[in-house]
Amino acid sequence: MDRTLAADLARLPELLDATRRAAADALATLDTRPVLAPHGPAAPPELLPEDGSGADAALAAFRDRWEPRLSASAGPRYLGFVTGGATPAALAGDWLTAAHDQNSNSALDGAGQDLERETVGWLRELFGISDAHTGTFVSGATMSNTTGLAIAREWLGERLGVSPSEDGAAALGPVRVLSGAPHSSIAKALSVLGLGRRSLVPVPTLPGREAVDPAALDRALADTPGPAVVVANAGTVNTVDFDDLRAVAALKERHDFWLHTDAAFGAFAALSPDHAHLTAGLDASDSLCVDLHKWLNVPYDSAVQFTRRQDLQARVFQNAAAYLGPLGSHPDLVHLTPENSHRLRALAAWFTLRAYGRRGHREIVERDIACARALGAELAGDPAFRLLAPVRLNVVCFTLADDPAPARLAALREAAAAEVFVTPTVLAGTPALRAAFSNWRTTQADVRRAAQALRTAAREIA
């Protein structure tokens, strides 16, 4: 064994303790560190060392060169994208995931698969999804959407008497994928799957909304006969708008289509009694995307995909090798996603669900919703800002009241970045900013700090 590696093995408990202290220091300073570290010129990359200096030296080098440049994205005022943190239990689960280092795809070493299936069952209960759905962990919403649409592609083939997984996507001929306000990952998935970005057909939304107009969808489905795919949205990125999932599903009585629902973070509305009506009809989906490193507050990367047609899923992703388990009625996970290697992502989710239960995660969701509403009220009451949509759930979409040019919004973001991080967007042609609340640490005190930072930044750029 390499001498340095052997020395680290001999001192492994001490090295892990040093790493624990470094992690604890990083988490303890989240409230005081700049939310977004100042951007500066990157130092020239170091050359790969011929002889290593050991884990202690690597840890010291990381803390010196890289840690100061990392954002406080695990903290309570990182409101860009839709970014959760890691609850204490989720963090513990993720550390143990690395320590046990399981590739949980094979029944030959089955505990990882069993743990994942138990966790998927808990998630079904959390979101009110029936056991007609099976589920599998994937890396994020993009991979979840891609997996769901791959199953939809095979369903189209089933309807047309071909198999895209065997014959290629070209065997389908022209494909229509209809959606009102799809996330950008949908077009990316269609590109990856060989269906093409141009197969995505935009359907009109309700006036002033991002929710699809069910009557317009009905007409679009009638325009061209034959099977189609509909992508419904349960929580759009800009305004957290929800399609009427029951109305969309009811269209199956007149039209032949696969219903894929992108509920990456909107599914968590099901945890709040005041907002659960938004997810009514979620179970009618043929495939479903939920991202877990958003509002479940588990570390990146983690998401889950659900489907009613695991048989088609296995037809797409089956992998034939002597060392892999058979398909059977309960196929190994290796047959259900694009990944042959599959870390035990479920363990962090299992930990946080086991530790805090439905009630603890409902409290996180409801607190974040209250924080979003509070920030919306603060900005609506300030003449420097204008809300572009009601705060429906956990996102505040806003812009400058005067001259909301992209350059001015970028200057506003930069001026406030030490205290709060928000991301740019465009809504109905208007450049805007969006603040998304999904972190378990965020409180009303953070809302006040964020609002004050945005007000100060607005005065600075005026």
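Reading guide: rules and limits
- Residues numbered from 1 in each chain as written.
- Predicted model: local features only at pLDDT ≥ 70, side-chain atom pairs only at ≥ 80, totals over all residues.
- Heavy atoms only, no water.
- Helix = DSSP H or I, 4+ residues; strand = E, 2+ residues; numbered from the N terminus.
- Rg over C-alpha atoms; globule rule 2.2 N^0.38 Å.
- Contact = heavy atoms within 4.5 Å.
- Areas by Shrake-Rupley, 256 points an atom, 1.4 Å probe, with all protein chains shown as cover.
- Salt bridge = Lys/Arg side-chain N within 4 Å of Asp/Glu carboxyl O.
- Buried < 20%, exposed > 50% of the residue type's maximum accessible area, 1.4 Å probe, protein only.
- Pairing = 2+ DSSP bridges.
- Axes fitted to C-alpha atoms, helices over the stretch in contact; angles between N-to-C directions.
- Disulfide = S-S within 2.5 Å.
- Polar contact = N/O pair within 3.5 Å; in protein donor to acceptor, adjacent residues only side chain to side chain.
- Phe/Tyr/Trp six-rings, centres within 6.5 Å; stacked < 30°, edge-to-face > 60°.
- Lys NZ or Arg CZ within 6 Å of the ring centre and 35° of its normal.

Description of the overall build of the chain
In step 1: Broken down by element type, the chain carries 15 helices and eleven strands.
In step 2: Against the compact-globule benchmark of 23 Å for 462 residues, the chain has a radius of gyration of 24 Å, which places it among compact chains.
In step 3: When its C-alpha atoms are laid out on the principal axes, the chain stretches across 65 × 60 × 45 Å.
In step 4: Sequence-distant contacts, at least 24 apart, represent 72% of the contacts inside the chain between residues at least 6 apart.
In step 5: In the form shown here, the chain has an accessible surface area of approximately 20700 Å², with 56% of it arising from carbon and sulfur atoms.

As for the pattern of salt bridges
In step 1: Within this structure, the stated rule accounts for 26 salt bridges.
In step 2: A salt bridge links Asp56 to Arg11; its shortest N-O distance comes to 2.9 Å. In this pair, Asp56 is assigned in helix 3 (residues 55-65) and Arg11 in the loop between helix 1 (3-10) and helix 2 (12-28), connecting sequence segments 45 residues apart.
In step 3: We classify Asp56 as partly exposed; its relative accessible area is 36%.
In step 4: Salt bridges here are not isolated pairs; linked through shared partners, they connect Asp31, Arg77, Glu419, Asp446 and Arg449.

Overview of the environment of Ala250
In step 1: Summarising the element assignment, Ala250 is placed in helix 10 (residues 245-250).
In step 2: Ala250 sits 174 residues away from Pro424 along the chain, and the two C-alpha atoms are 36 Å apart.

What about the sheet that holds strand 11 (residues 430-436)?
In step 1: Overall, antiparallel pairing links the four strands, which are arranged 8-9-11-10 in an open sheet. Edge strands, defined here as strands with exactly one partner in the open sheet, are strand 8 (385-387) and strand 10 (423-427). Neighbour-to-neighbour, the strand axes of this sheet turn through a mean angle of 45°, independent of strand direction.
In step 2: Bridging between strand 10 and strand 11 involves five bridges; their strand directions are antiparallel. Its bridge partner lying in strand 11, Leu427 is registered against Thr430.
In step 3: Packed onto the sheet, helix 13 (residues 346-380) meets strand 8, strand 9 (395-400) and strand 11 and runs at close to 15° relative to strand 9.

Digging into the environment of Leu115
In step 1: Checked against the element boundaries, Leu115 lands in helix 5 (residues 111-127).
In step 2: Judged by its relative accessible area of 21%, Leu115 falls in the partly exposed class.
In step 3: When the C-alpha atoms of Leu115 and Leu454 are compared, they prove to be 44 Å apart, with 339 residues separating the residues in sequence.
In step 4: Apart from the residues within four sequence positions on either side, Leu115 is in contact with Leu344, Ala346, Leu347 and Trp350.

Quick notes on the state of the cysteines
In step 1: Under the criterion given, the structure shown has zero disulfides.
In step 2: Residue Cys371 stays outside any disulfide, its sulfur separated by 18 Å from that of Cys397, the closest cysteine.
In step 3: Of the residues examined, Cys371 reaches a relative accessible area of 1% and is grouped as buried.

Some remarks on the side chain of Thr239
In step 1: Mapped onto the secondary structure, Thr239 falls in the loop between strand 4 (228-233) and helix 10.
In step 2: Among the polar contacts made by the side chain of Thr239, one reaches the side chain of Thr236 at a distance of 3.4 Å.
In step 3: Looking at Thr239, its side chain comes within polar contact range of the side chain of Arg392, at 3.3 Å.
In step 4: If near-sequence neighbours (up to four positions away) are discounted, Thr239 is found in contact with Glu210, Ala389, Arg392 and Leu427.

Quick look at the packing of aromatic side chains
In step 1: Inspection of the entire model under this criterion finds eight aromatic pairs.
In step 2: Judged by centre distance (4.7 Å) and plane angle (40°), the rings of Tyr78 and Phe421 are tilted. Of this pair, Tyr78 sits in the loop between helix 3 and helix 4 (88-100) while Phe421 sits in the loop between helix 14 (406-416) and strand 10; the two residues are 343 residues apart in sequence, bridging distant segments of the chain.
In step 3: Aromatic side chains Phe385 and Phe398 sit 5.9 Å apart centroid to centroid with 75° between the ring planes, which places their arrangement in the edge-to-face category. Placement of Phe385 in strand 8 and of Phe398 in strand 9 is noted, with a sequence separation of 13 residues between them. The burial state of Phe385 is the same as that of Phe398; both residues are buried.
In step 4: Site record: aromatic cluster; members linked through ring pairs are Tyr78, Phe81 and Phe421.
In step 5: Across the ring face of Phe257, the terminal group of Lys252 is positioned such that the distance to the ring centre comes to 5.8 Å.

A word on the pairing of strand 1 (residues 134-138)
Two faces, one strand: in a regular strand the side chains alternate between the faces of the sheet.
In step 1: The buried fraction of strand 1 is high, at four of five residues.
In step 2: Inspection of the sheet shows strand 1 paired to strand 7 (residues 303-307) by five bridges, in the antiparallel sense. When the sheet's bridge partners are listed, Thr134 is paired in strand 7 with Thr307.

Considering the sheet that holds strand 2 (residues 177-179)
In step 1: The strand order 1-7-6-5-4-2-3 describes an open sheet built from seven strands, whose pairing is mixed. Here the strands that pair on one side only, and so sit at the sheet edges, are strand 1 and strand 3 (200-202). In this sheet, adjacent strand axes meet at a mean angle of 20° when their direction is disregarded.
In step 2: Contacts between helix 5 and the sheet are confined to strand 1, strand 6 (287-291) and strand 7, with strand 1 contributing the most and set at about 110° to the helix.

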